[in-house]
Amino acid sequence: MHAAIAPAARRSLATVSAAAPRQQYRVVVVGGGAAGVTVAAQLGKHAAFFNKKDVLIIEPSDTHYYQPLWTLVGGGLKSLSSTARPMASVIPSHADWLKARVSKIEPAANVVRTDDGKEIAYDFLVVAPGISINIDKIEGLKESLGKDGVSTNYLAAHVEKTFEFIKAFQGGNAIFTQPSTPIKCAGAPQKIMYLAEEHFRDKGLRGQTNVSFYSGIGKIFGVDKYANSLTEVCKKRDINVNLLHDLVAVRPDKKQAVFKKVGGDGGSGEVVVAYDFLHVTPPMGPLPFIRESGLADEAGWVSVDRATTQHVAFKNVFSLGDSSSLPTSRTAAAVAAQSGVTTANLLSAIEGRPLAAAYDGYTSCPLVTGRDKLILAEFNGYTLQPRETFHFDQSVERPSMYRLKADMLDKIYWELMLKGNWVGPAPFRPLLNPLDRN
Ligand code: FAD
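Because the structure is predicted, anything quoted here is derived from the model rather than measured. (Residues numbered from 1 in each chain as written. Predicted model: local features only at pLDDT ≥ 70, side-chain atom pairs only at ≥ 80, totals over all residues. Heavy atoms only, no water.)

Moving on, we come to the overall build of the chain. Helices and strands together make up the secondary structure of the chain, namely 11 helices and 22 strands. Dimensions of the chain along its principal axes, counting C-alpha atoms only, are 65 × 50 × 45 Å. In the chain, which comprises 438 residues, the share counted as buried stands at 55%. Residue pairs at least 24 apart in sequence account for 67% of intrachain contacts in the chain once pairs closer than 6 positions are excluded. For the chain, the accessible area works out to roughly 17500 Å², and carbon and sulfur atoms hold 52% of it. Side-chain charges in the chain split into 49 positive and 42 negative, and the spacing between the mean points of these groups amounts to 4 Å. (Helix = DSSP H or I, 4+ residues; strand = E, 2+ residues; numbered from the N terminus. Buried < 20%, exposed > 50% of the residue type's maximum accessible area, 1.4 Å probe, protein only. Contact = heavy atoms within 4.5 Å. Areas by Shrake-Rupley, 256 points an atom, 1.4 Å probe, with all protein chains shown as cover. Lys, Arg positive; Asp, Glu negative; His and termini not counted. Charge placed at Lys NZ, Arg CZ, Asp CG, Glu CD.)

Dropping the structure here:
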């Protein structure tokens with residue numbers, strides 16, 4: 001199911017069309033999401049790719065979403081259509097687009113296979129198909145989603161339901177979950193909780209409402225500085241925080257959520273909680289075809305060097321974003337910083353030079369805590385130390401940071417990042433080479 005497309009985006013669709021692909025490309029990019037499109041766009045700024053159709057993006061979806069705004073869609077503050085553009089409008093003009101799903105990569109043969117039977121050969125490969133949202137791993141979730149107060153902001157088809165249910169809520173138990181698996185945007189499971197709690201308070205329902213956060217991990221957030229602020233926010237707003245509780249089943253007939261205690265001081269066992277509204281962040285994991293292609297690390301992610309983003313075994317393969325093994329928090333902000341490094345190193349590999357660019361784990365999570373409040377977590381995901389852009393304490397809730405997220409970051413994404421002109425904060429900017437036609 002796709003959102004209606006905003007009129008401005010619809011106009012640009014006429015200028016680009018999906019091409020009939022060749023069978024061989026210099027660079028093939030798997031996935032036309034944040035990472036794939038950004039790297040493809042950056043390649044076009046270099047002599048080897050400028051004005052040539054020597055990059056192919058393989059991507060099955062017709063619509064490209066700016067997912068970071070889905071928190072505000074679920075909170076009733078943005079429309080889903082404002083986060084969507086036709087895929088054709090974001091494919092760079094020097095790239096071809098094959099609308100198909102990659103089913104297997106054969107890295108020893110330099111070949112990608114698609115689910116509709118195509119075989120495309122490459123010299124260099126960028127693997128960026130994102131993360132798999134595994135709703136099947138929670139018993140009863142698939143049948144429950146979108147009905148009787150159960151929603152998730154993590155799927156385009158369900159995100160609008162979140163606000164429908166928040167609006168319809170009349171009091172009772174409002175429950176927000178986070179799984180123990182890695183997920184994209186580790187702050188998003190609680191951001192929607194703060195928006196919902198504010199809504200319930202404004203409607204005079206807070207007295208008859210319990211707001212609870214259940215997380216499968218042992219901390220409310222990975223970086224202490226921001227975890228401390230969020231713990232204070234929860235205390236101040238009377239939000240119950242239950243750590244080391246992993247959602248394992250939803251019983252829609254009884255409106256019950258079943259959690260498994262995952263060790264720690266709480267012991268083990270099951271906890272059953274009645275819900276009136278349930279926002280689920282499903283377990284996530286790597287896409288199975290990565291392992292089937294022989295590109296995976298033990299956990300199933302594309303196994304790359306954490307500095308260069310080059311595959312550890314296949315030197316003509318790179319990976320970044322949610323599908324990669326880069327051990328940082330998976331966000332579009334991290335993708336921006338990784339993209340300049342990947343492109344620079346990919347070009348070096350193409351030209352036979354040593355790989356000089358290094359990614360250091362930078363990531364960012366704009367933690368929305370209300371309609372005009374936000375804690376801008378910015379940190380090194382490898383060391384879990386803050387790495388802030390602004391000269392004020394970013395662990396404090398600020399209206400200005402909310403405006404940055406609500407009004408500016410999407411414009412940076414569409415107008416700069418996807419066009420190859422944004423690689424994240426200052427230290428990465430030297431990687432943003434101007435067009436080099438020599
Ligand atoms: P994606 O952008 O998901 O793109 C992957 C692409 O690969 C998709 O287009 C998919 O269709 C395609 N694909 C999948 N399988 C295949 C296949 N087999 N063959 C070919 N193509 C395939 N990030 C932030 O920076 N800040 C935030 O505030 C933030 N909030 C978020 C809130 C929510 C609710 C969600 C869902 C995400 C949020 N993110 C946020 C995370 C951010 O959107 C992702 O980290 C980012 O999009 C990752 O980019 P990617 O290219 O790796 O994956």
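Additional details are given in the paragraphs that follow.
The environment of the ligand is made up of 36 residues, and the closest members are Ala35, Glu59, Val102, Asp322 and Ala332. One of the backbone N or O atoms of Ala35 is found 2.8 Å from an oxygen atom in the ligand. At 3.0 Å, a side-chain N or O of Gln67 approaches an oxygen atom of the ligand. When residues of the shell around the ligand are traced back to their parent elements, those giving at least two are helix H2 (34–43), helix H3 (70–74), helix H7 (188–202) and helix H10 (332–351). Looking at the shell around the ligand, the element that brings in the most residues is H10, giving 3 residues. Each residue belonging to the shell around the ligand can be placed in one class, and the counts come to 19 nonpolar, 10 polar and 7 charged. (Near = heavy atom within 4 Å. Polar contact = N/O pair within 3.5 Å; in protein donor to acceptor, adjacent residues only side chain to side chain. Nonpolar A, V, L, I, M, F, W, Y, C, P; charged D, E, K, R; others polar.)

Let's shift gears to the packing of aromatic side chains. A complete count under the given rule lists 14 aromatic pairs for this structure. Chaining the aromatic ring pairs together yields one cluster made of Tyr359, Tyr362, Tyr382 and Phe428. Over the ring of Tyr382 we find Arg306; its NZ or CZ atom is 4.2 Å from the centre of that ring. Sitting over the ring of Trp301, Arg330 keeps its end group 3.8 Å from the ring centre. (Phe/Tyr/Trp six-rings, centres within 6.5 Å; stacked < 30°, edge-to-face > 60°. Lys NZ or Arg CZ within 6 Å of the ring centre and 35° of its normal.)

Our next topic: the side chain of Thr83. Take Thr83: it is sitting in the loop between H3 and strand S4 (84–86). Only 3.2 Å separates the side chain of Thr83 from the side chain of Trp70, close enough to count as a polar contact. Of note is the side chain of Thr83, whose polar atom sits 2.7 Å from the backbone oxygen of Leu80.

UniProt annotation of "domain: FAD/NAD(P)-binding" (unreviewed entry) refers to residues 25–146 when read in the numbering used here. In residues 25–146, the share of helix is 19% and the share of strand is 33%. The end C-alpha atoms are 42 Å apart. (UniProt positions renumbered as here; feature names shortened; annotations may be inferred.)

Here strand S2 (residues 55–58) shows a buried face lined by Val55 and Ile57 and a second buried face lined by Leu56 and Ile58. Examined bridge by bridge, S2 and strand S5 (residues 95–98) share 4 bridges and lie parallel to one another. When the sheet's bridge partners are listed, Ile58 is paired in S5 with Leu98. (Pairing = 2+ DSSP bridges.)

Moving on to the sheet that holds strand S10 (residues 150–151). One open sheet accounts for 5 strands, arranged S10-S17-S11-S12-S13; its pairing is parallel. Strands with a single pairing partner mark the edges of an open sheet, and in this sheet they are S10 and strand S13 (239–242). For S10 and strand S17 (residues 277–279), the ladder comprises 2 bridges, and the chain directions are parallel. Bridging from a neighbouring strand, Ser151 pairs with His279 of S17.

Attention now moves to the sheet that holds strand S20 (residues 362–370). With antiparallel pairing, the 3 strands of this open sheet are ordered in space as S20-S21-S22. At either margin of the open sheet sits one strand with a lone partner, and together these are S20 and strand S22 (385–386). Taken together, the 2 bridges between strand S21 (residues 373–380) and S22 define a ladder with antiparallel strand orientation. Bridged to Asn380 within S22 is Gln385.

Take the nonpolar core next. Within the largest apolar cluster, 42 residues are counted, with the highest numbers of intra-cluster contacts made by Val27, Leu43, Val55 and Leu346. Discounting chain neighbours no more than four positions away, the residues touching Leu43 are Val27, Phe49, Val55, His94, Thr343, Leu346 and Leu347. Core analysis: the next-biggest nonpolar cluster, separate from the first, contains 36 residues, Ile131, Tyr154, Phe213 and Tyr226 among them. (Core = buried A, V, L, I, M, F, W, Y, C linked by side-chain atoms within 4.5 Å.)

Turning our attention to unusual backbone geometry. Not every positive phi belongs to a glycine, and Asp238 is a case in point at roughly 55°. By secondary structure assignment, the location of Asp238 is in the loop between helix H8 (224–236) and S13. Owing to a relative accessible area of 55%, Asp238 belongs among the exposed residues under this scheme.

Right, let's get into the packing of H7 against H8. For the pair H7 and H8, interaxial distance at closest approach is 12 Å and the crossing angle is 30°. As judged from the angle between their axes, H7 and H8 are roughly parallel. Along this stretch, H7 crosses H8, giving a crossing that reads as left-handed. Facing Gln190, Met193 and Tyr194 of H7, the residues of H8 in contact are Leu230, Val233 and Cys234. The residue inventory of the contact of H7 with H8, partitioned by class, reads 5 nonpolar, 1 polar and no charged. (Axes fitted to C-alpha atoms, helices over the stretch in contact; angles between N-to-C directions. Parallel < 35°, antiparallel > 145°, perpendicular 65-115°, else oblique. Left-handed = near helix turned anticlockwise from the far one by under 90°.)

Looking now at helix H11 (residues 399–416). Given 3.6 residues per helical turn, the α-helix brings residues three or four places apart onto the same face. In a regular helix each residue adds 1.5 Å, so 18 residues correspond to 26 Å; H11 covers 24 Å between its end C-alpha atoms and thus fits that length. The sharpest bend along H11 comes to roughly 45°, located at Met408. Looking at H11, one finds that the buried residues are Met401, Tyr402, Leu404, Lys405, Ala406, Asp410, Tyr413 and Trp414. (Expected span 1.5 Å × (residues − 1). Bend = angle between axes of the 7 residues up to and from the residue.)

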